[in-house]
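# Working through the structure, step by step
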Amino acid sequence: MTGEKRKVGRKTIELSNAGKVLFPGEGITKRDLAGYYRGVAGQMLPLVRDRPVSMIRFPDGIAAPGIVQKNVPAYFPDWITRAGIRTEGGWLQQVICDKAATLVYLAGQACIELHGFSSRLDRLRGPDQLIFDLDPPDDHRFEDVRVCALRLGELLSDELGLPTFVKTTGGNGLHVHVPLSQSEDFDSAREFARQVTGLFAVRNPDLVTTERRKAKRGPRIYADIMRNGCAQLAIAPYSVRARPGAPVATPLSWDEVEDKSLSPEQFTLHTLPGRIRESRPAAGPWAGMARRRTGLARARTSLRRLTR
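Not measured: the values here are computed from a predicted model.

Turning next to the pairing of strand β8 (residues 90-96). Examined bridge by bridge, strand β5 (residues 52-57) and β8 share two bridges and lie antiparallel to one another. Considered in β8, the bridge of Pro-52 is made with Ile-96. Two elements, strand β7 (residues 82-87) and β8, share six bridges in a ladder whose sense is antiparallel. What sits directly across from Gly-84, in β8, is Gln-93.

The amide bond that connects Arg-280 to the next residue, Pro-281, takes the cis arrangement and shows omega of 0 degrees. Topologically, Pro-281 is positioned in the loop between α6 (272-277) and α7 (297-306). Despite not being glycine, Ala-231 shows a phi value in the positive range, around 70 degrees. Looking at the element boundaries, Ala-231 is found in the loop between β16 (221-224) and β17 (233-235). The backbone of Ala-246 shows a phi angle near 50 degrees, a positive value even though the residue is not glycine. Summarising the element assignment, Ala-246 is placed in the loop between β17 and β18 (251-252). Residue classification places Ala-246 among the buried residues on the basis of a relative accessible area of 0%.

Now for the packing of helix α3 (residues 142-159) against helix α4 (residues 186-203). Any two packed helices are characterised by the angle at which their axes cross and by the distance between the axes. Direction vectors running N to C along α3 and α4 enclose 125 degrees, while the axes themselves pass 11 Å from each other. Looking at the two axes, α3 sits oblique to α4. Crossing handedness for the pair α3 and α4: right-handed. On the side of α3, the interface is formed by Cys-148, Arg-151, Leu-152, Leu-155, Leu-156 and Glu-159, while α4 contributes Val-196, Leu-199, Phe-200 and Arg-203. A class-by-class count of the residues in the contact of α3 with α4 yields seven nonpolar, no polar and three charged.

The rules we used
- Residues numbered from 1 in each chain as written.
- Predicted model: local features only at pLDDT ≥ 70, side-chain atom pairs only at ≥ 80, totals over all residues.
- Heavy atoms only, no water.
- Pairing = 2+ DSSP bridges.
- Helix = DSSP H or I, 4+ residues; strand = E, 2+ residues; numbered from the N terminus.
- Buried < 20%, exposed > 50% of the residue type's maximum accessible area, 1.4 Å probe, protein only.
- Axes fitted to C-alpha atoms, helices over the stretch in contact; angles between N-to-C directions.
- Parallel < 35°, antiparallel > 145°, perpendicular 65-115°, else oblique.
- Left-handed = near helix turned anticlockwise from the far one by under 90°.
- Contact = heavy atoms within 4.5 Å.
- Nonpolar A, V, L, I, M, F, W, Y, C, P; charged D, E, K, R; others polar.

Laid out in structure tokens, this is it:
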């Protein structure tokens, strides 16, 4: 297989083995993956550009094991923006996706999935969002996940006064996001999320559980808050997932979640470019998310009233 050159902005990127098939069932190649990420960059970059990301690469395609890569390899070009992240074992240099060329370059490295921090470079220890991960059992009905997201959204927005945004995970679940003003630390934000999901489960005992052990969840949807920890990761919006069909973690409007015909299988590497071309507003369903960041003080007061 031969390489190809791609001009992206001011950068010229070499795609080695561009015809390498990454998704055997669909015949999706590295070339297709690079084209996808180039096409969604306008909507994806504003949501990820300030966040360190971890890469999951599949050099031999999704039929073979992937490689989780946090540290930037030495051979990455100098123009790839890096962030130094302190860990218990020392320091990592992690990628910052701040330009379309970076997304295309990573696709050329067979990086299918991008997972990002819930905090930004200006305050890595202060989350700028809460993430409620609605994780269904294996034999789930997506209808239950959809209803669960709607009820959680109502609790957060109507009763606690918080702005909410929702996306598919590229799997069977949904993520509900609350943008934060970074006035919280991770421990206090996660404790708030724990109290919210506790109340939510009490109100919906047949639908929702906060039980971490799978054997005790039964048919209920797990309301997972564990992504709300320092340096914890969540799938990035518009990231492809390394699964058959090439599903995409897709930001949705709440009107779409209201639609009973909603299915996560609608959103794939093939369908997202058309969805973006037709987007209203052009920035997508999460337009204005950054302007709606909020603190939790008032929501805490409301939550205390609800749990008396």
